[in-house]
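Spelled out, the chains give:
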Amino acid sequence: MKQVSNNALLSFALDLASAVTQANRFEQLVYAVKATINCDAVVLLVHQHGVLTPIAQRGLSDDLMGRRFIIAEHPRLNEICAGHYPVRFPADSALPDPYDGMVLGHDENLPVHSCMGVPLYVEGKLIGVVTLDSIEPYVFDSIDSRALEIIGSMASMTLNTAILMEQLENKSQRAEHVLQAMNEQVNEKDGHMEMIGQSDGMKALIQAIKLVAPSDFAILIEGETGVGKELVARTLHQASSRASAPMVYVNCAAIPQHLIESELFGHVKGAFTGADRDREGKFLLADGGTLFLDEIGELPLEVQGTLLRAIQNQEIQAVGKDQTRKIDVRVIAATNRHLETEVAEHRFRADLFHRLSVFPIQVPPLRERQGDVPLLAGFFAERFRRKLGLQQLTLSASAMRLLESYHWPGNVRELEHVISRAALYAKAAVPTGITTITPAHLTGLQIDNTFKKQQQSIFDTEESVSNAFEEPINLREKTDAYQQGLILSALKEADGSWAQAARFLSMDRANLVRLAKRLGVSVSKEVKA
């Protein structure tokens, strides 16, 4: 057994003690582990409700930080979490590695390498995991088991202390990630989503949410289409004292004008044609909780005065009924319009605007969220990996560069749709093993001249897409032709070498050959320059 020296363990303990007092304490914990055990990649993950959430890492692609690993779906993570002792996986382990394709500088599959995991327990409760990977096989096999257990114990106590300090400070974005991981489970069934991001804009947004959520202030959420205003509203509700009561959603733009008052305040039987029974309105359904009025800027002027009185007096009157009824409702409104302009141009009541915007919140567009695209892309990639039943779904370096250079007019919603389509295309090309999203899979982007130049610098292609959406097209044919062009260009650049072409396209050679066969690109003859 290879012994970890007492000096190394002492240095590790000192590094951990120093880490707890620093602002980047989780990164420092990872650094301490990497300094003590020679490896290429280290990940620190926290655990709650069967989900592991990365909070710090070294050596893997940035999109890892947006992924959420359901333990039961990842055999290696499941084995690590099943016991109290470090787990070393044999180099020839048949268990799929959750990080395949994510090790920096190694986009291709790494079937032979070293992998180890250390479960972190405090008072019998699993609070997290540290995973270590090395490109060199068998490198962890000779490390003394007792030393690993000591390192695990010290890391467990440090992680627990760091989490407690983050909760007490309650001020950093990373604290928000930890609190979400410790208090919430990613639940696709009810549509729950985390607020993913570490940019300054997201830090400011989360700080504003934490500040105003406990109050009963009316809130106006402003932002472009697709930025996640409904997610902000749900986060506000869940962080408020009304979290146990319902949050009722109303899309103001989707209700016919003659039914808006009935929809909001209810009606009695016979109040109007078609009112064949009494009906409770959204205000009453939200009594004790939160009413979320989405697209409030679309509400007709004639109804705005009635809405103002209901909010102001906390009192509603059903259509066709003389009596009023007291309610207790917090109102959160959202709009992609600039309501101050709407007020100035007399399309929105000034008094309602001021009543709604007691605490305005601006949600930043994705193009201003520096560094958040890889995290969101990783989050969506892991989500669609589960939905499509894929073993692994990664993003090539060139695909990630393309995503980061795009201007995202549709914001987070557009990114989600782009990744979902790309996942389907990637699965069609490589249905098993490591499925990698490449630039060829990123369809539907709104290309302008500036972006096209950026795109050309990312991957060399002779296929022009500048006029792709001027008239109706067959998407599958267009995508296949686009992929064919990329492959032929790569082969031409590589002087006919499939291995070199695969490296140009950030793909495994065998996967590239299979894709070329499906697309009708000859794989038997050399492509000449």
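Not measured: the values here are computed from a predicted model.

*Asks:* Teacher, can you tell me more about the overall build of the protein chain here?
*Replies:* Scanning the protein chain from N- to C-terminus turns up 19 helices and 15 strands. Long-range pairs, those at least 24 residues apart, make up 69% of the contacts in the protein chain with a sequence separation of at least 6. For the protein chain, the accessible area works out to roughly 24000 Å², and carbon and sulfur atoms hold 49% of it.

*Asks:* Mind showing me how you'd approach the sheet that holds strand β7 (residues 219-222) here?
*Replies:* The pairing of strands in a sheet happens through backbone hydrogen bonds and is either parallel or antiparallel. In spatial order, the strands read β8-β9-β12-β7-β13; together these 5 strands make up an open sheet with parallel pairing. Each end of this open sheet is capped by a strand with a single partner; those strands are β8 (247-251) and β13 (359-362). For this sheet, the mean inter-axis angle between neighbouring strands, taken without regard to orientation, is 20°. By the bridge criterion, 4 bridges tie β7 to β13 in an arrangement that is parallel. Along β13, the bridge assignment pairs Ile 219 with Phe 359. Packing of helix α6 (residues 200-212) onto the sheet brings it into contact with β7, β12 (330-335) and β13, and relative to β13 it is tilted by some 155°. Packed onto the sheet, helix α7 (residues 229-238) meets β7, β8, β9 (290-294), β12 and β13 and runs at close to 150° relative to β7.

*Asks:* For this particular structure, what's the right way to read unusual backbone geometry?
*Replies:* Among all residues except glycine, the phi angle is most often negative; among peptide bonds, the trans geometry is most common. Even without glycine at this site, Glu 123 takes up a positive phi of about 50°. Mapping Glu 123 onto the fold places it in the loop between β5 (114-122) and β6 (125-134). Even without being a glycine, Gln 314 presents a positive backbone phi close to 50°. By the element assignment, Gln 314 lies in the loop between α10 (301-313) and β10 (315-316).

*Asks:* Sorry if this is basic, but what is going on with the pairing of β9 here?
*Replies:* Looking along a regular strand, one sees the side chains alternate between the two faces of the sheet. Most of β9 sits inside the fold, with 5 of its 5 residues counted as buried. Judged from the 5 bridges that link them, β8 and β9 form a sheet pairing that is parallel. When the bridges of β9 are listed, Asn 251 appears paired with Asp 294. Pairing between β9 and β12: 4 bridges, direction parallel. Within β12, the position partnered with Thr 290 by the bridge is Arg 330.

*Asks:* Just checking my understanding: could you explain the packing of helix α13 (residues 372-388) against helix α14 (residues 397-405) for this structure?
*Replies:* Helices that pack against each other are described as a pair by the angle of their axes relative to one another and the distance between those axes. Direction vectors running N to C along α13 and α14 enclose 120°, while the axes themselves pass 9 Å from each other. The angle between α13 and α14 falls in the class oblique. Taken as a pair, α13 and α14 cross one another with a handedness that is right-handed. Of α14, the residues touching α13 (which contributes Val 373, Pro 374 and Ala 377) are Met 400, Leu 403 and Glu 404. Residues that form the contact of α13 with α14 fall into these classes: 5 nonpolar, no polar and 1 charged.

*Asks:* Looking at this structure, how should I read the confidence of the model for the protein chain?
*Replies:* If pLDDT is low for a region, its predicted coordinates should not be looked at in detail. Residues of the protein chain with pLDDT of at least 70 account for 82%, and the chain-wide mean is 83. Low pLDDT, under 50, characterises residues 459-470; the stretch is placed with 24 contacts to residues that sit more than four places away or in other chains. Counting interchain partners and residues more than four positions distant, the pLDDT-below-50 stretch residues 525-529 has 9 contacts.

*Asks:* Help me understand α6 in this model?
*Replies:* Think of an α-helix as turning once every 3.6 residues; residues three or four places apart then point the same way. Here α6 is 13 residues long and its end C-alpha atoms lie 19 Å apart, about the 18 Å a rise of 1.5 Å per residue gives. Buried within α6 are the following residues: Met 202, Leu 205, Ile 206, Ala 208, Ile 209 and Val 212. Viewed along the axis of α6, the buried residues span an arc of 155°, placing them on a single side of the element. Counted as exposed and oriented over 90 degrees from the buried face of α6: Asp 200 and Leu 211.

*Asks:* Quick question: what am I supposed to make of the packing of aromatic side chains here?
*Replies:* Geometry of an aromatic ring pair is reported as the spacing of the ring centres plus the angle between the planes. Within the structure shown, the criterion is met by 5 aromatic pairs. With a centroid separation of 5.7 Å and 50° between ring planes, the pair formed by Tyr 249 and Phe 292 is classed as tilted. Of this pair, Tyr 249 sits in strand β8 while Phe 292 sits in strand β9, and the two are 43 residues apart along the sequence. Given a relative accessible area of 29%, Tyr 249 falls into the partly exposed group. The exposure class assigned to Phe 292 is buried, which follows from its relative accessible area of 0%.

Quick notes on the rules
- Residues numbered from 1 in each chain as written.
- Predicted model: local features only at pLDDT ≥ 70, side-chain atom pairs only at ≥ 80, totals over all residues.
- Heavy atoms only, no water.
- Helix = DSSP H or I, 4+ residues; strand = E, 2+ residues; numbered from the N terminus.
- Contact = heavy atoms within 4.5 Å.
- Areas by Shrake-Rupley, 256 points an atom, 1.4 Å probe, with all protein chains shown as cover.
- Pairing = 2+ DSSP bridges.
- Axes fitted to C-alpha atoms, helices over the stretch in contact; angles between N-to-C directions.
- Buried < 20%, exposed > 50% of the residue type's maximum accessible area, 1.4 Å probe, protein only.
- Parallel < 35°, antiparallel > 145°, perpendicular 65-115°, else oblique.
- Left-handed = near helix turned anticlockwise from the far one by under 90°.
- Nonpolar A, V, L, I, M, F, W, Y, C, P; charged D, E, K, R; others polar.
- pLDDT = per-residue confidence, 0-100.
- Expected span 1.5 Å × (residues − 1).
- Arc of directions from axis to C-beta.
- Phe/Tyr/Trp six-rings, centres within 6.5 Å; stacked < 30°, edge-to-face > 60°.

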